[in-house]
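Below are the chains, spelled out letter by letter.
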Amino acid sequence: CSMNGATRPERARRQYLNRRSIGTVLLLLAVLAALAFIWGNSLDSAVESSLKSGRMRELIQPLLELLVGQGNVTDHLVRKLAHFTEFAVLGALLLLLTAAAFRVRLQSVVNCLFFLTLAALTDETIQIFTGRGPQVQDVWLDVAGGTAGLLAMLALVWLLRCLFRPRKRPAADV
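Described below are features of the structure shown in this document. All values derive from a computational prediction rather than experimental measurement. (Residues numbered from 1 in each chain as written. Predicted model: local features only at pLDDT ≥ 70, side-chain atom pairs only at ≥ 80, totals over all residues. Heavy atoms only, no water.)

1. Observations concerning the overall build of the protein
On a plain count of helices and strands, the protein comes out with five helices and zero strands. Put simply, the protein runs from its N terminus to its C terminus through helices and strands in the order α-α-α-α-α. Classification of the 174 residues of the protein by burial places 29% in the buried group. Long-range pairs, those at least 24 residues apart, make up 71% of the contacts in the protein with a sequence separation of at least 6. Only carbon and sulfur atoms are counted for the fraction: they give 67% of the accessible area of the protein, which is about 12,000 Å². (Helix = DSSP H or I, 4+ residues; strand = E, 2+ residues; numbered from the N terminus. Buried < 20%, exposed > 50% of the residue type's maximum accessible area, 1.4 Å probe, protein only. Contact = heavy atoms within 4.5 Å. Areas by Shrake-Rupley, 256 points an atom, 1.4 Å probe, with all protein chains shown as cover.)

Printed below as a string of structure tokens:
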């Protein structure tokens, strides 16, 4: 027993909960940062967006040419990959946040998918007000990217839990 009345297991539990709370807050901040990045890009004008796509294309063109062939990398491809990738990151972060804050169950995965869909719809709606053309196909692409990120992270969390779950020891014979 200690001076404050907490036993060693109680202190250990409090420390665990404090670390878990900090992790949950950091993941929530990461989700909010991802949304700010996604929606911030949607606030760009068509000209600004095109310039960003062009700069990104120059940066990743050598890698993409390995996948799609030389001369096949376009700004359109880069834009579509950006939609998919930024929502894949968001989906992965949402699943991690769910795993940190709650138990991962079917309902929590469905809630993440619903949130991803709302984020994608909001993303395209923002573009209405910036003079860019919102596209239904981009909503589908965003949701597909978010789902891919979420499922990849779900598989990773499941695998890690299987690998590091404490094994039950058989009872000793007396």
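From this point on, the discussion continues.
2. Brief notes about a positive patch on the surface
A surface patch of positive charge is lined by Arg20, Arg103, Arg105, Arg161, Arg165 and Arg167. By secondary structure assignment, the location of Arg103 is in the loop between helix H3 (75-101) and helix H4 (106-128). Judged by its relative accessible area of 63%, Arg103 falls in the exposed class. (Patch = residues over 30% accessible without salt bridge, like charges linked within 9 Å, V, L, I, M, F, W, Y side chains within 5 Å. Salt bridge = Lys/Arg side-chain N within 4 Å of Asp/Glu carboxyl O. Lys, Arg positive; Asp, Glu negative; His and termini not counted. Charge placed at Lys NZ, Arg CZ, Asp CG, Glu CD.)

3. Points about the side chain of Ser42
With respect to the secondary-structure elements, Ser42 resides in helix H1 (residues 8-42). Ignoring any residue separated from it by four or fewer positions in sequence, one finds Ser42 in contact with Asp123, Ile126, Gln127, Thr130 and Arg132.

4. Some words on the layout of surface pockets
Where empty space is left becomes clear once a probe the size of a water molecule has been rolled over the atoms. Of the voids in this model, the largest pocket is the one considered here, and its volume is about 750 Å³. Broken down by secondary-structure element, the contributors of at least two residues to the lining of the largest pocket are H1, helix H2 (46-68), H3 and H4. Tallied by class, residues from the lining of the largest pocket come to ten nonpolar, eleven polar and eight charged. The leading source of residues in the lining of the second largest pocket is helix H5 (residues 136-164), at four residues. Taken together, the residues of the lining of the second largest pocket sort by class into six nonpolar, no polar and four charged. (1 Å grid on protein atoms, 1.4 Å probe; cavity = no way out; pocket = protein on both sides within 12 Å on 5 of 7 lines; lining within 4 Å. Points joined across faces, edges and corners; volume = space filled by probe spheres on them. Nonpolar A, V, L, I, M, F, W, Y, C, P; charged D, E, K, R; others polar.)

5. Focus: the packing of H4 against H5
Viewed as axis vectors pointing N to C, H4 and H5 meet at an angle of 150°, and their least axial separation amounts to 9 Å. When the axes of H4 and H5 are compared, the pair comes out roughly antiparallel. Considering only the axes of H4 and H5, their crossing is right-handed. Where H4 abuts H5, its residues Val109, Cys112, Leu113, Leu116, Thr117, Ala120, Leu121, Asp123 and Glu124 lie against Asp138, Val139, Asp142, Val143, Gly146, Thr147, Leu150 and Leu154. Broken down by class, the residue content of the contact of H4 with H5 amounts to ten nonpolar, three polar and four charged. (Axes fitted to C-alpha atoms, helices over the stretch in contact; angles between N-to-C directions. Parallel < 35°, antiparallel > 145°, perpendicular 65-115°, else oblique. Left-handed = near helix turned anticlockwise from the far one by under 90°.)

6. Digging into the nonpolar core
Val31, Phe87, Leu90, Leu94, Leu95, Leu116 and Leu150 are the most contacted members of the largest nonpolar core, which has 24 residues in total. Elements supplying a minimum of two residues to this core: H1, H3, H4 and H5. If one sorts the elements of this core by residue count, H3 sits on top with nine residues. For Leu150, the residues in contact, after removing those within four places along its chain, are Gly91, Ala92, Leu95, Val109, Cys112, Leu113 and Leu116. (Core = buried A, V, L, I, M, F, W, Y, C linked by side-chain atoms within 4.5 Å.)

7. Digging into the packing of H2 against H3
Contact pair H2 / H3: the axes reach a minimum separation of 8 Å and the direction vectors enclose 90°. Considering the angle they form, H2 stands roughly perpendicular to H3. Contacts between H2 and H3 involve Ser50, Ser53, Gly54, Met56, Arg57, Ile60, Leu64 and Val68 on the former and, on the latter, Asp75, Leu77, Val78, Arg79 and Leu81. Residues belonging to the contact of H2 with H3 are distributed by class as follows: seven nonpolar, three polar and three charged.

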